[in-house]
Amino acid sequence: MERVGSARDLVLGYVHALNAVDEAMRAAIPSLERLADVLGLVRSRRIISRSGHVGAYSYTVHGAGCRFVSDNGTEIDVDFATDGSEVFDLWRLRWYGLSLPEPLDVTDQDLRAAVQLLQPLLTEVQPGWFSVAS
């Protein structure tokens, strides 16, 4: 159960880091209503470049999402659903854990158990993909 507890802490850390990224981006780009709008700013209006630096984060837009890296090297990778909600999978959670200043390597099995324990905070929006409940 200790491993699931570590995985639970990792998932909560990811959610907290994702919220911090959202706050930093919206503070730096006042026209940003939600984090997913970064995709539109890059693709449609070319207001921001595909990669850059905002506050304590560098960012790189990719496919359906964006990877943010904090000044301490922690990576928060997120995709965006068609409705603009932030979604992530077990791979993104594991990568976040491995990028922490004190890396935390957890199994997919432990992460899945942790995500189950964190419902209703998290919702499985499609098999293997999760979102923070609104």
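Look a little higher up for the structure.
Just so it is clear, the model here is predicted, and its values are computed rather than measured.

Asks: I'm lost on the pairing of strand β7 (residues 129-132) in this one. Help?
Replies: Side-chain direction in a regular strand flips from residue to residue, so the side chains alternate between the two faces of the sheet. Bridging between strand β5 (residues 86-89) and β7 involves 2 bridges; their strand directions are antiparallel. By the bridge assignment for β7, aspartate 89 is matched with tryptophan 129. With 4 bridges connecting them, strand β6 (residues 122-126) and β7 associate as antiparallel partners. Each residue of the ladder has a partner; that of glutamate 124, found in β7, is phenylalanine 130.

Asks: Looking at this structure, how should I read the pattern of salt bridges?
Replies: Any two side chains of opposite charge can pair, so long as their charged atoms come close to each other. Applying the stated criterion across every chain yields a total of 8 salt bridges. Here aspartate 79 makes a salt bridge to arginine 92, at a shortest N to O gap of 3.2 Å. With aspartate 79 in strand β4 (residues 75-80) and arginine 92 in helix α3 (residues 90-99), this pair connects stretches of sequence that are 13 residues apart. This pair shows no difference in class: aspartate 79 is buried, exactly as arginine 92 is. Of the charged contacts, one joins glutamate 124 and arginine 112 as a salt bridge, the two residues approaching to 3.5 Å between their closest N and O atoms. Of the two residues, glutamate 124 sits in strand β6 while arginine 112 sits in helix α4 (residues 108-117), which places them 12 residues apart along the sequence. Given the relative accessible area of 31%, glutamate 124 is considered partly exposed. Overall, arginine 112 belongs to the partly exposed group, its relative accessible area being 33%. What emerges from the salt-bridge pattern is a single network uniting Asp77, Asp79, Asp89 and Arg92.

Basis of the calculations
Residues numbered from 1 in each chain as written. Predicted model: local features only at pLDDT ≥ 70, side-chain atom pairs only at ≥ 80, totals over all residues. Heavy atoms only, no water. Pairing = 2+ DSSP bridges. Helix = DSSP H or I, 4+ residues; strand = E, 2+ residues; numbered from the N terminus. Salt bridge = Lys/Arg side-chain N within 4 Å of Asp/Glu carboxyl O. Buried < 20%, exposed > 50% of the residue type's maximum accessible area, 1.4 Å probe, protein only.

None of this, on its own, says anything about what the molecule does.
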